[in-house]
Amino acid sequence: MKSVVAAFPTPPHLTSRSRPSLSPVLIERPRSNRSQTETQTPRPRPRPSGSSSKMAEQQQMEVEKDFLYNSEDDDVMIIEENPKGAELAERKKNEGNELYKTKEYRDALRLYTQAIDLCPDCAAYYSNRSACYMMLGKYTEALNDAREAVRLDKTFVKGYIRVAKCNIALGDATAALSVLREAGELEAGSKAVKDEVSRAQALIRYQDEIEKAFGKGDYRTAIFHLDRALEFAVGCRAMKIRKAEYLVMLQRYSEAQEMVNEILQFDNTNVDAIYVRGMCLYYQDNPEVAFNHFQHVLRLAPDHHKAKEVYKKAKQLKQKKEEGNEAFRRGRHQEALTLYTEALAIDPLNQVTNAKLYFNRATVNSKLNRLEQATEDCTAAINLDDGYLKAFLRRAKCNQQLERHEEAVRDYEKVLRLDKSPEHKRMLQEAKVQLKRSKRKDYYKILGVNKNATEDEIKKNYKKMALVHHPDRHSSASEQDKRDHEVKFKEIGEAYSVLTDTKKRAMYDRGHDFNDPDGGFAHEDIDPSQIFQAFFGGGQGGYTFSNQGGSIPATRGLSRGWLWGAPSPEVSISSLAKEGAVGLLRGGVRG
């Protein structure tokens, strides 16, 4: 099959920029017609008579003279488009403009596209469609149309400005400045050009600040400048993904996921967006789904460095944690402790998983009776997750075992705020009771005996301590020292009076506070000198205690030499012990 090129002159009214020369229409001729001549001769018309006949012949000759044959492509006939197509294109453009004004951008876009199809060499049509794409947030398509408009008309200043706007929206301020320089040469002093130059320069400044903040690891400041930059680069997906990545570093996972999910709705193969979503899942302790994301990224982009690194790290962390759990289940506590410690060193940024690792290690330390270390690990877990109920419960128990009752009460109060269950309410009440008990005098500690001490052990320790703290031994000491020993001597007698009385000791062991005015008992009537005299024998001294810790009498029946550590010749140690024992057998001391 041969092809014929038929060319018609462009009408004068279509030679301006707004009405470009019409594009040719390609008409394919039937392949089966191989007998055609290589030039197509128009069908002859009836020859009119006279002058009209001469005019018709002249027109026919002009048409035949304009036939051109393309020997390189003999399958296509190119025929100049009908001028009526340009008029239709202009009408479509005007209709699109009206829709654009009423913000019906999708319908306007359709009409601009029809205008371009009718007249593909009109720069203004591409520029209009570019503006429409921008309003629809399709900045890449808008940039392509704006560039085409400039290609068709090198003097189209408005087209250059639109190219710059698209570059700024896509975050490429350098390219925008390059285009604006060309526009400035075409139209010196243009305010529109100056405005876009100012916007491009502002974008560059914010981008520089982002890099500085990122270099310092200051993600909050970097996000601040990213937000300012995105006011200009509204269509820059790379910048949005970068912000989402920084949000992940700040544990703001929901915000980060929302940003990348929006991008993936329009571009589901964007590897950076998939990577960031995988990071969110990984740091929210959802490793299996995170692994799927990282694997998907590496299938699309095998050299994605960040995905490779985090995938490797995530697998190591999961493996170490599982190994530690297995060792703990098998009772290999020291091995579990080591594995949890190694796991904590893998990724300090994974706060959710690390909080669980700290808690697991606290549990192991508690099993090994390393209560201080267990408390520290619980605190580390809580610092990473301030709603970690199990960590608060574990720390409260450790504090109780360490007799830090106020700290235990605070932990149980937090537990009850997190979960108002009857069990947690009971725990808090018990902790408060223990706190109240801890504030009373510890008679066992005062006498230096344990809670299971026998009566003989209590008496033995009382004798030793009463002699040490008797005020007569410290008569030459400073006034402060005298007062301290007087208080201590009184406490020793008070402890002795309770712990050697079966009924009182039982009440004390149940938590009763004998110094609580509301408890029904008080020690105002206890005179430690009487207890001392009863224990060691001898007459009643004239030196009495006041319940506020007043003066203590010189004890009759004992010489000062004995009280100071050297028994007097008149009183032997054996006789003192005998007299004390006889006094106790006669009824002991009454509280």
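Residues numbered from 1 in each chain as written. Predicted model: local features only at pLDDT ≥ 70, side-chain atom pairs only at ≥ 80, totals over all residues. Heavy atoms only, no water.

1. What to know about the overall build of the protein chain
Turning to step 1, where the next piece is worked out: The secondary structure content of the protein chain amounts to 27 helices and four strands.
Turning to step 2, where the next piece is worked out: Expressed as a percentage of the 591 residues in the protein chain, the buried residues total 42%.
Turning to step 3, where the next piece is worked out: When the accessible surface of the protein chain is summed, it comes to about 32,800 Å², and 49% of that surface belongs to carbon and sulfur atoms. (Helix = DSSP H or I, 4+ residues; strand = E, 2+ residues; numbered from the N terminus. Buried < 20%, exposed > 50% of the residue type's maximum accessible area, 1.4 Å probe, protein only. Areas by Shrake-Rupley, 256 points an atom, 1.4 Å probe, with all protein chains shown as cover.)

2. With respect to the confidence of the model for the protein chain
Turning to step 1, where the next piece is worked out: In the predicted model, the protein chain carries a mean pLDDT of 79, and 73% of its residues have values of at least 70.
Turning to step 2, where the next piece is worked out: Here strand β3 (residues 67–68) stands out as the element of the protein chain with the lowest mean pLDDT, 34, in contrast to helix α9 (residues 219–230), whose mean of 97 is the highest.
Turning to step 3, where the next piece is worked out: In the predicted structure, residues 1–81 sits below a pLDDT of 50 and forms 106 contacts with residues beyond four places in sequence or in another chain.
Turning to step 4, where the next piece is worked out: Here residues 539–591 is modelled with pLDDT under 50, and outside its nearest four sequence neighbours on either side it reaches 104 contacts, counting other chains as well. (pLDDT = per-residue confidence, 0-100. Contact = heavy atoms within 4.5 Å.)

3. Comments concerning the pattern of salt bridges
Turning to step 1, where the next piece is worked out: The tally for this structure, following the rule as stated, stands at 29 salt bridges.
Turning to step 2, where the next piece is worked out: A salt bridge links Glu245 to Lys306; the shortest N-O distance between them is 3.0 Å. Here Glu245 is found in helix α10 (residues 237–249), whereas its partner Lys306 is found in helix α14 (residues 305–329), with 61 residues between them in sequence.
Turning to step 3, where the next piece is worked out: Overall, Glu245 belongs to the buried group, its relative accessible area being 16%.
Turning to step 4, where the next piece is worked out: Across the pair Glu423 and Arg426 runs a salt bridge, and its minimum N-O distance is 2.3 Å. Taken together, the positions of Glu423 and Arg426, both in helix α20 (residues 422–439) and three residues apart, correspond to about one turn of that helix.
Turning to step 5, where the next piece is worked out: Through salt bridges with shared partners, a single network forms among Lys165, Glu196 and Arg199. (Salt bridge = Lys/Arg side-chain N within 4 Å of Asp/Glu carboxyl O.)

4. Some details on the state of the cysteines
Turning to step 1, where the next piece is worked out: This structure, assessed with the given rule, holds zero disulfides.
Turning to step 2, where the next piece is worked out: Note on Cys378: no disulfide assigned, nearest cysteine sulfur contributed by Cys398 at a separation of 5.5 Å.
Turning to step 3, where the next piece is worked out: Residue class for Cys378 comes out buried when judged on its relative accessible area of 0%. (Disulfide = S-S within 2.5 Å.)

5. Describing the packing of helix α8 (residues 191–215) against α10
Turning to step 1, where the next piece is worked out: Two elements in contact, α8 and α10, have axes whose closest approach is 13 Å; the angle formed by their N-to-C orientations is 30°. Relative to α10, the element α8 lies roughly parallel. In this structure, the crossing between α8 and α10 has a hand that is left-handed. Packed against α8, whose contacting residues are Leu203, Gln207, Ile210, Glu211 and Phe214, the element α10 presents Met239, Arg242 and Tyr246 at the interface.
Turning to step 2, where the next piece is worked out: When grouped by side-chain class, the residues that make up the contact of α8 with α10 number five nonpolar, one polar and two charged. (Axes fitted to C-alpha atoms, helices over the stretch in contact; angles between N-to-C directions. Parallel < 35°, antiparallel > 145°, perpendicular 65-115°, else oblique. Left-handed = near helix turned anticlockwise from the far one by under 90°. Nonpolar A, V, L, I, M, F, W, Y, C, P; charged D, E, K, R; others polar.)

6. A few points about the packing of helix α16 (residues 351–367) against helix α18 (residues 389–401)
Helix-helix packing is described using two parameters, namely the angle between the two axes and the distance between the axes.
Turning to step 1, where the next piece is worked out: The geometry of α16 relative to α18 is characterised by a closest axis approach of 10 Å and an angle of 25° between their N-to-C directions. As summarised for this structure, α16 and α18 are arranged roughly parallel, according to the angle between their axes. Taken as a pair, α16 and α18 cross one another with a handedness that is left-handed. Contacts from Phe359, Thr363 and Ser366 of α16 reach α18 at Lys390, Ala391 and Arg394.
Turning to step 2, where the next piece is worked out: Here the contact of α16 with α18 is composed, by residue class, of two nonpolar, two polar and two charged.

7. Looking at the nonpolar core
Turning to step 1, where the next piece is worked out: Residues Leu203, Met239, Val248, Tyr275, Met279, Tyr282 and Phe294 are the most contacted members of the largest nonpolar core, which totals 84 residues.
Turning to step 2, where the next piece is worked out: With ten residues, the single largest contributor to this core is helix α12 (residues 271–283).
Turning to step 3, where the next piece is worked out: Contact partners of Met239, with chain neighbours within four places excluded, come to Gly171, Leu203, Gln207, Leu226, Ala229, Leu230 and Ala233.
Turning to step 4, where the next piece is worked out: Counting 19 residues, the second largest nonpolar core, distinct from the first, contains Tyr444, Ile446, Leu447 and Ile492. (Core = buried A, V, L, I, M, F, W, Y, C linked by side-chain atoms within 4.5 Å.)

8. Quick look at the side chain of His470
Turning to step 1, where the next piece is worked out: Note on placement: His470 falls in the loop between α22 (455–469) and α23 (479–499).
Turning to step 2, where the next piece is worked out: A relative accessible area of 1% means that His470 is categorised as buried.
Turning to step 3, where the next piece is worked out: From its side chain, His470 meets the backbone nitrogen of Asp472 in a polar contact 3.1 Å long. (Polar contact = N/O pair within 3.5 Å; in protein donor to acceptor, adjacent residues only side chain to side chain.)

9. A short note on α18
Turning to step 1, where the next piece is worked out: Its 13 residues place the ends of α18 19 Å apart at the C-alpha level, agreeing with the 18 Å of an ideal helix rising 1.5 Å per residue.
Turning to step 2, where the next piece is worked out: When we look at burial in α18, the residues that qualify are Ala391, Phe392, Arg394, Arg395, Ala396, Cys398, Asn399 and Gln400.
Turning to step 3, where the next piece is worked out: In this fold, the buried residues of α18 make contact with α16, α17 (371–384), α19 (405–418) and α20.
Turning to step 4, where the next piece is worked out: Of the residues one or two after α18, Glu403 is the one with positive phi, at around 60°. (Expected span 1.5 Å × (residues − 1).)

10. So, the environment of Ser198
Turning to step 1, where the next piece is worked out: Inspection of the secondary structure assignment puts Ser198 in helix α8.
Turning to step 2, where the next piece is worked out: Taking the relative accessible area as the measure of exposure, Ser198 reaches 43% and is therefore partly exposed.
Turning to step 3, where the next piece is worked out: In this structure the C-alpha to C-alpha distance between Ser198 and Leu177, which are 21 residues apart in sequence, comes to 9.4 Å.

11. Observations regarding helix α13 (residues 287–300)
Turning to step 1, where the next piece is worked out: For α13, with 14 residues, the first-to-last C-alpha span of 20 Å sits near the 20 Å given by 1.5 Å per residue.
Turning to step 2, where the next piece is worked out: Regarding α13, the residues found buried are Ala290, Phe291, His293, Phe294 and Val297. Along α13, the residues classed as buried sweep out an arc of 160° about the axis, all on the same side.
Turning to step 3, where the next piece is worked out: Looking at the packing, one finds that the buried side of α13 touches α12 and α14. (Arc of directions from axis to C-beta.)

12. Details of unusual backbone geometry
Turning to step 1, where the next piece is worked out: Located in the positive-phi region is Gln251, a residue other than glycine, with phi close to 60°.
Turning to step 2, where the next piece is worked out: Note that Gln251 resides in the loop between α10 and α11 (253–266).
Turning to step 3, where the next piece is worked out: Residues other than glycine seldom take positive phi values, yet Glu403 does so here, at roughly 60°.
Turning to step 4, where the next piece is worked out: Tracing the backbone through its elements, the reader meets Glu403 in the loop between α18 and α19.

13. A word on the environment of Gln319
Turning to step 1, where the next piece is worked out: Within the secondary structure layout, Gln319 lies in helix α14.
Turning to step 2, where the next piece is worked out: Counting along the chain gives 24 residues from Gln319 to Ala343, while the straight-line C-alpha distance between them is 8.6 Å.

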